[in-house]
Amino acid sequence: MTDRLKALADAGVSIWLDDLSRERIETGNLAELVTSSSVVGVTTNPTIFASAISNGERYDDQVRGLVADGADADGVIFALTTDDVRNACDILAPVAAATKDDGRVSIEVEPTLANETDATIASAKALWAAVDRPNALIKIPATLEGLPAITEVIAAGISVNVTLIFSVERYRAVMDAYLAGLEKAQDAGIDLSTIRSVASFFVSRVDTEIDARLEKVGSDEALALRGKAAVANARLAYAAFEEVVASERWQALAAAGAHAQRPLWASTGVKNPAYPDTLYVSDLVVADTVNTMPEKTLQAFADHGEVTGDEVSGKAAEAQAVFDQLTAVGIDIDDVFVTLETEGVDKFKVSWTELIDTVKAQMAAVAGPTQA
C-alpha cells in the first residue's frame, strides 16, 4: 500500500501529516506512519487540537494538574499543545537528523493575533522557547501584519511555517519577508543553516471559492473552468519560487548556509466529491515541495494515487491562461483572494474559540463536582 507514497517521496515531495494527537504519539501511531507511510513531518492547528482534546482521556491527568496549579484555559492550551508538539518533535528527530529540511512539527501562534504584528512576534518566541526543539516550526499567518512578524521571528533564529497564503502576490511578499529575516539574522551573527521555513500555500479552498462564483456565472465557458483554478494557482506559485531561488539575493544567502523556504501545499483534502480525492497531491508533484495531508487523503493516495512525474515545472504559462480565462468570464480574482484570506483568518479564530470551549469543558470535568 505504501509503494505509492514512496513513489511520491522519491519524486521529491515531502509527505507531512496534517494532524496530531496525544493518542497518535502515545500509541506509536505517529512513529508507525513515519516508518511505513513515508511521513516526514507534521502540521497542526487549533481545530486539530480541539478534536484531539475532546476525543479522549489522555489529556485528563495533565489538565487536572494544571487546574490544581491555578492555570486558566489559555495556560492549559499552551501547556497541552506545546507538550504534544515537543513529543512529536522527538519522534521526528531522527528524520530531522537524516534529512536536510524534514522532520519538522508545526505549532501555530494564537489566531486572534493575526492582525497584530508585535503580539504575533511575542507569541512565536514564547512557543519556540516552550517547545524547545530545533525541529519545531512556528506557524505565522501571511496577513499584512504577519509579514513583518515573519521577518523579525526569522531574524531571531526561529524557524517558521508561514500559513494562510492564497495569492501569488502575497506569496512573493512572504518570500521577501523570509529573505529579509535571513539577512537580519546574518547581520546578527546567527548561523543561517539552523533556520528552516516553509510557505503554506492553500489549495482546495481556491477551487471551492472560485467554483461557486463560476456556477453563479453559469455559462458553458465558466462551468468548463471549474476545478482548474487551485492547481493553476499553485503552479504559478512554484514558478515564483523558482524565480526567487535563481536570484542573486537568494544565492548570496544560500552561499552563507541558508535553506530555501520550500512551498508547502496545504488544504489538500478535496472538498468537492466530483473531483478525484488525490487531485491536490497527484497534480502538484514537483521536487523541493511539501504536501501536508489529512490522514484520509494520505490513505487515499496510498491506495490509488498516481505519480506520473513532475506536474508543475514549466506549466506557468498554461496556469496563467486559466486565470486569464477566469477573468474573461467575469471572476474578480483580487476579490477572491481577499475573501479567502479574511475567511481563513476568521475560521482559525472560530477554531480557537472552539478550542478554548473544549478545554474549559475538560477543566470543569476533571475538577469534579466539589470544585466546579
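Residues numbered from 1 in each chain as written. Predicted model: local features only at pLDDT ≥ 70, side-chain atom pairs only at ≥ 80, totals over all residues. Heavy atoms only, no water.

Going by what an unreviewed UniProt entry lists, the chain is known as Transaldolase and is assigned to Nocardioides aromaticivorans. Turning to the chain, the UniProt annotation filed under Catalytic activity (unreviewed entry) states: "D-sedoheptulose 7-phosphate + D-glyceraldehyde 3-phosphate = D-erythrose 4-phosphate + beta-D-fructose 6-phosphate". Under the heading Pathway (unreviewed entry), UniProt records this for the chain: "Carbohydrate degradation; pentose phosphate pathway; D-glyceraldehyde 3-phosphate and beta-D-fructose 6-phosphate from D-ribose 5-phosphate and D-xylulose 5-phosphate (non-oxidative stage): step 2/3." (UniProt positions renumbered as here; feature names shortened; annotations may be inferred.)

Asker: Please explain the sheet that holds strand 8 (residues 289-293) as it appears in this structure.
Answerer: The pairing of strands in a sheet happens through backbone hydrogen bonds and is either parallel or antiparallel. Strand order in the closed barrel formed by 8 strands is 1-2-3-4-5-6-7-8, with parallel pairing between adjacent strands. On average, each strand axis in the sheet is tilted by 30° relative to the strand beside it, whichever way the strands run. Summarising the sheet, strand 2 (residues 39-42) and strand 3 (residues 104-108) pair through 2 bridges and their orientation is parallel. Counterpart to Val42 in the pairing with strand 3 is Val105. With respect to the sheet, helix 12 (residues 229-245) is in contact with strand 6 (197-202), strand 7 (262-266) and strand 8, its orientation differing from that of strand 7 by roughly 170°. (Pairing = 2+ DSSP bridges. Helix = DSSP H or I, 4+ residues; strand = E, 2+ residues; numbered from the N terminus. Axes fitted to C-alpha atoms, helices over the stretch in contact; angles between N-to-C directions. Contact = heavy atoms within 4.5 Å.)

Asker: Would you mind showing me how to read the environment of Cys89 here?
Answerer: Relative to the helices and strands, Cys89 resides in helix 6 (residues 73-98). Taking the C-alpha atoms as reference points, Cys89 and Arg262, separated by 173 residues in sequence, lie 19 Å from one another. Sequence-distant contacts of Cys89, that is, excluding residues within four places in its chain, are made with Val105, Val131, Arg133, Asn135 and Ala136.

Asker: Explain the pattern of salt bridges to me, please; I cannot follow it from the model alone.
Answerer: Note on pairing: side chains with opposite charge can pair once their charged atoms come close. This structure, assessed with the given rule, holds 22 salt bridges. Residue Arg213 is joined to Asp335 by a salt bridge in which the shortest nitrogen-to-oxygen separation is 2.8 Å. You can see Arg213 sitting in helix 10 (residues 204-217) and its partner Asp335 sitting in helix 17 (residues 333-367), a full 122 residues away along the chain. For Asp335, a relative accessible area of 34% translates into the label partly exposed. Within this structure, Arg235, Glu311, Lys315 and Glu318 form a network of salt bridges that share partners. (Salt bridge = Lys/Arg side-chain N within 4 Å of Asp/Glu carboxyl O. Buried < 20%, exposed > 50% of the residue type's maximum accessible area, 1.4 Å probe, protein only.)

Asker: Just to check I follow, could you spell out unusual backbone geometry for this structure?
Answerer: Where the residue is not glycine, phi is negative for most of them; where a peptide bond is considered, it is trans in most cases. For Ser38, which is not glycine, the phi torsion reads 60° and is therefore positive. Counting through the fold element by element, Ser38 comes out in the loop between helix 3 (29-36) and strand 2. With a phi close to 55°, Ser267 is a non-glycine residue in the positive phi region. Note that Ser267 resides in the loop between strand 7 and helix 14 (279-282).

Asker: What is the right way to read the UniProt feature "active site" (unreviewed entry) in the chain from this model?
Answerer: In the UniProt entry, the feature "active site" (unreviewed entry) is given for Lys139. Topologically, Lys139 is positioned in strand 4 (residues 136-141). Residue contacts for Lys139: discarding those within four places in its chain leaves Thr44, Asn45, Ser106, Ile107, Glu108, Val109, Asn161 and Thr163. Of note is the side chain of Lys139, whose polar atom sits 2.8 Å from the backbone oxygen of Thr44. (Polar contact = N/O pair within 3.5 Å; in protein donor to acceptor, adjacent residues only side chain to side chain.)

Asker: Explanation requested: the nonpolar core in the structure shown.
Answerer: Across soluble globular proteins, nonpolar side chains show a tendency to be buried alongside one another. Counting residues in hydrophobic clusters, the biggest one holds 123 residues, and the most contacted among them are Tyr171, Leu182 and Leu326. Looking at this core element by element, the count peaks at 12 residues for helix 17. Discounting residues that sit within four places of it in the chain, Leu182 has contacts with Ile154, Leu192, Ile195, Trp250, Leu253 and Ala258. (Core = buried A, V, L, I, M, F, W, Y, C linked by side-chain atoms within 4.5 Å.)

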